[in-house]
Amino acid sequence: MLPHRKKRLQNILLLLGSSFIGIFLILSALNSQLDLFYSPSELNKNNLPKERIKLGGMVKKGSIKYEDTKVLFVLTDFEEDLDIEFDGLPPDLFKEDSGAVMLGSFDGNGVFVAEEVFAKHDENYMPPEVADMMGIKPQNIND
């Protein structure tokens, strides 16, 4: 093989190899940041996910209990209920009978341990995933 063709082939192989390594690093970084969204009725109680997920629904009326720095409550989608534990201060708009989305994972007892809790920001807001799950049409600001 001629030297200039050999050099060109080496450059092409180096470019392809570095491209594959770059794509692999980008995809693995995106995969580690991926949080799947579930509602309580979409989860299989016998096979709960072990990875971090987002969980959304409504805070069940009369279920909020405060123990030291922990907030214990029940999240529902009006079909299934899940026990939630959050260690910290919930958002100011967090209350019973309102929409909430949590980020966290399940412990060994089937209790969802939330790392973060997001509450709705006004009386008309509901996360689109929760609205779809509950069969509610989200309202627009101009309605």
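Now for a description of the structure that goes with this document. (Residues numbered from 1 in each chain as written. Predicted model: local features only at pLDDT ≥ 70, side-chain atom pairs only at ≥ 80, totals over all residues. Heavy atoms only, no water.)

**Some points on unusual backbone geometry**
With a phi close to 55°, Asp68 is a non-glycine residue in the positive phi region. Relative to the elements of secondary structure, Asp68 occurs in the loop between β3 (65-67) and β4 (70-76). Of note in this structure, Asp97 is not a glycine but carries a positive phi near 60°. Positionally, Asp97 belongs in the loop between β5 (81-87) and β6 (99-106). (Helix = DSSP H or I, 4+ residues; strand = E, 2+ residues; numbered from the N terminus.)

**Some remarks on the pairing of β5**
As paired elements, β4 and β5 share seven bridges and run antiparallel to each other. Counterpart to Leu72 in the pairing with β5 is Glu85. Linkage of β4 to β5, two consecutive antiparallel strands, is achieved through a turn of four residues, within which Phe78 is found at a positive phi near 70°. Relative to strand β7 (residues 112-119), β5 runs parallel, the two being bridged by three bridges. Across the sheet, Ile84 pairs through a bridge with Phe112, a residue of β7. (Pairing = 2+ DSSP bridges.)

**Concerning the nonpolar core**
With 19 residues, the main nonpolar core has Phe73, Ile84, Met102 and Phe112 as its most contacted residues. Secondary structure elements with two or more residues in this core: β2 (53-59), β4, β5, β6 and β7. Discounting chain neighbours no more than four positions away, the residues touching Ile84 are Leu55, Val71, Leu72, Phe73, Leu75, Met102, Val111, Phe112 and Ala114. (Core = buried A, V, L, I, M, F, W, Y, C linked by side-chain atoms within 4.5 Å. Buried < 20%, exposed > 50% of the residue type's maximum accessible area, 1.4 Å probe, protein only. Contact = heavy atoms within 4.5 Å.)

**Some words on the packing of aromatic side chains**
If you walk through the whole model with that rule in mind, you get two aromatic pairs. Ring centres of Phe73 and Phe94 lie 4.9 Å apart, and the angle between their planes is 65°; on these two criteria the pair is classed as edge-to-face. With Phe73 in strand β4 and Phe94 in the loop between β5 and β6, this residue pair connects regions lying 21 residues apart in the sequence. Ring geometry for Phe106 and Phe112: centres 5.2 Å apart, planes at 75°, overall edge-to-face. In this structure, Phe106 and Phe112 share a single accessibility class: buried. (Phe/Tyr/Trp six-rings, centres within 6.5 Å; stacked < 30°, edge-to-face > 60°.)

Keep in mind that these numbers describe shape and distance, not what the molecule does.
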